[in-house]
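# Coordinate analysis (summary)
Listed here are the chains, written in short residue letters.
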Amino acid sequence: MSESPSIVETSDLYAVRMAKLEAMRKEGYDPFRANWEQKQTSVEAIALYDEETQSSPEVCVAGRILVFRAMGKASFVKIQDRSGQIQLYFKAEEIGDSAYEAFKKLDIGDIIGAKGHLFKTKTGEITIKVTNYALLSKSLRPLPEKWHGLTDDEQRYRERHLDIIINQEARKRFFIRSEVIKEIRNFLWSRDFVEVETPCLQAVPGGAAARPFETHMRALDHNFFLRICHELYLKRMLVGGMDRVFELGRVFRNEGLSRKHNPEFTMLEVYQSYTDFRGMMSLVYDLIQHLCKTVIGSTQIEQSNGQVIDLGGKWREVSYKQLIKEATKDPNWFTRSKEEKLAACKQFGIFVDPKHEDFEVTNNVFEKLIEPTLIQPTFVTHIPKDLCPLAKINQDDPSVIDVFELCINGQEIAPAYSEQNDPIVQKQMLEFQAGEDQHCVDYEFIQAMEHGMPPAGGMGIGIDRLIILLTGASNIRDTILYPTLRPQ
């Protein structure tokens, strides 16, 4: 058996820090502590300082050194913890000469614990005068420089742990993401929704038109698919009498990557019995207002390009057909032949594969000519029935379905339907969509529907795109901690 090749570390700084580590261990000190009593975060500690009395309460904090300014017998450092940053003041006569000499050997990136009393410096910064400290974890690799490191986006995505140490904007965005997810749950729980968990491994990849990831389960000797959405299992819950359900979790689609797409992403799906797509309109409006109020603090959100999106007030509602007619300047578009539509697309500068179906030609016009212009919140209603087999057909116009697509900032944020609950119609529509691939039809779902599914509204929200909107990010990869990348 051959030995694994050794990894040769050529960094001089790494070698220097390794030498410091060895010296500490020879002196009998292990810099990788098991614990430290962190009584306050940096924000909590700063809040304890009383401006009126200028009292100096004792605090005990811990965090990573980001700034180190040594000045003879006294030094300042700044540490960062989960809540923010705080300044520490080290003085030889306060902690002792030997402890101070050991302190001066610390490096930026080291994690320390410190105890001391609060005071305010001449520059007005609330600081801890340290009386006792400990090195809790030695940083063997130097952090990237604050201004010149991690400028390459791919490196930021691969080494997100470093990105959120030094990039305050990225750090803030991921804390906001966590708060958004928490408040989504709070909002839905307050409206009597039940959170459930459905299978990630599915025998039939149903609920959306997307290419799945496939794997083989040895125990059952059968191929399974990573789910492309939550939908069909959540509708089974409606059949079972769980009238208000939601699931918030990962879904997977074996398709392309782009500024708006990642193969692994987070989806919220919500289903409510005894309502319809208009009930979902009210629900998503109220949900986003709640998030703006509780997490963001404003309904005016500035995007990366400087555009301000107003999520307050009344949102626009317009039909899919009206948008197509306006964009093409052709009131008779939907009576034109496929060839006439393809010719018009060529004039618009839109490439469409001639093999596409007629409804797909029109949808190319929507996706490439119209959707990028829908910056302010817009409910696009009543899309062609061929685009989705899972929604109720409109009673006044059988060529469309009772749905909306909520578009904001030039992309779809949330589609919603009046759910199809007629199992016979549902079977026909799924089989029509599947074409020759009848094995892709989830007949177990249809059988479940045959026990009776109540009328319902359903909605999906792409969480990553929602975070793009709420934080002004420019790329979906900026909202996912570790986005999918080609392995090095």
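Quick summary incoming for the structure in this document. Just so we're clear, the structure is a prediction, and the values are computed from it rather than from any experiment.

Volume-wise, the second largest pocket comes out at about 300 Å³. Lys 20, Ala 23, Met 24, Glu 27, Tyr 29, Ala 102, Lys 105, Leu 106, Tyr 133, Ala 134 and Leu 135 are the residues that line the second largest pocket. Looking at the lining of the second largest pocket, the elements with two or more residues in it are helix H1 (12-26) and strand S5 (126-137). Looking at the lining of the second largest pocket residue by residue, the classes come out as eight nonpolar, no polar and three charged.

As a further point, take the packing of helix H7 (residues 168-190) against helix H9 (residues 277-296). Helix packing for two helices is described by the angle between their axes and how far apart those axes are. Two elements in contact, H7 and H9, have axes whose closest approach is 10 Å; the angle formed by their N-to-C orientations is 130°. For the element pair H7 / H9, the angle class is oblique. Crossing of H7 over H9 shows right-handed handedness. Contacts between H7 and H9 involve Ile 176, Glu 179, Val 180, Glu 183, Ile 184 and Phe 187 from the former and Leu 283, Asp 286, Leu 287, His 290, Leu 291, Thr 294, Val 295 and Ile 296 from the latter. Class assignment of the residues belonging to the contact of H7 with H9 gives a composition of nine nonpolar, two polar and three charged.

Applying the stated criterion across every chain, the model contains eleven aromatic pairs. Ring geometry for Phe 90 and Tyr 133: centres 5.5 Å apart, planes at 85°, overall edge-to-face. Residue Phe 90 is found in strand S3 (residues 85-91), and its partner Tyr 133 is found in strand S5; the two are separated by 43 residues along the sequence. Judged by centre distance (4.9 Å) and plane angle (70°), the rings of Phe 379 and Phe 404 are edge-to-face. Of the two residues, Phe 379 sits in strand S15 (residues 378-381) while Phe 404 sits in strand S16 (residues 403-408), which places them 25 residues apart along the sequence. Side by side, Phe 379 and Phe 404 carry an identical accessibility label, which is buried. Each residue in the set Phe 68, Phe 90, Tyr 100, Phe 103 and Tyr 133 is aromatic and connected to the rest through ring pairs, giving one cluster. Lying across the ring of Tyr 233, Arg 236 places its NZ or CZ 4.3 Å from the centre. We note Lys 321 situated over the ring of Phe 334; from NZ or CZ to the ring centre the distance is 5.3 Å.

This part covers unusual backbone geometry. A positive phi is found at Asp 192, a non-glycine position, where the angle reads about 70°. Tracing the backbone shows Asp 192 in the loop between H7 and strand S6 (194-195). Positive phi outside glycine occurs at Asp 221, with the angle close to 50°. Structurally, Asp 221 can be placed in the loop between strand S8 (214-217) and strand S9 (222-226). On the accessibility criterion, Asp 221 (59% relative accessible area) is exposed.

Each value, and the rule that gives it
Residues numbered from 1 in each chain as written. Predicted model: local features only at pLDDT ≥ 70, side-chain atom pairs only at ≥ 80, totals over all residues. Heavy atoms only, no water. 1 Å grid on protein atoms, 1.4 Å probe; cavity = no way out; pocket = protein on both sides within 12 Å on 5 of 7 lines; lining within 4 Å. Points joined across faces, edges and corners; volume = space filled by probe spheres on them. Helix = DSSP H or I, 4+ residues; strand = E, 2+ residues; numbered from the N terminus. Nonpolar A, V, L, I, M, F, W, Y, C, P; charged D, E, K, R; others polar. Axes fitted to C-alpha atoms, helices over the stretch in contact; angles between N-to-C directions. Parallel < 35°, antiparallel > 145°, perpendicular 65-115°, else oblique. Left-handed = near helix turned anticlockwise from the far one by under 90°. Contact = heavy atoms within 4.5 Å. Phe/Tyr/Trp six-rings, centres within 6.5 Å; stacked < 30°, edge-to-face > 60°. Buried < 20%, exposed > 50% of the residue type's maximum accessible area, 1.4 Å probe, protein only. Lys NZ or Arg CZ within 6 Å of the ring centre and 35° of its normal.

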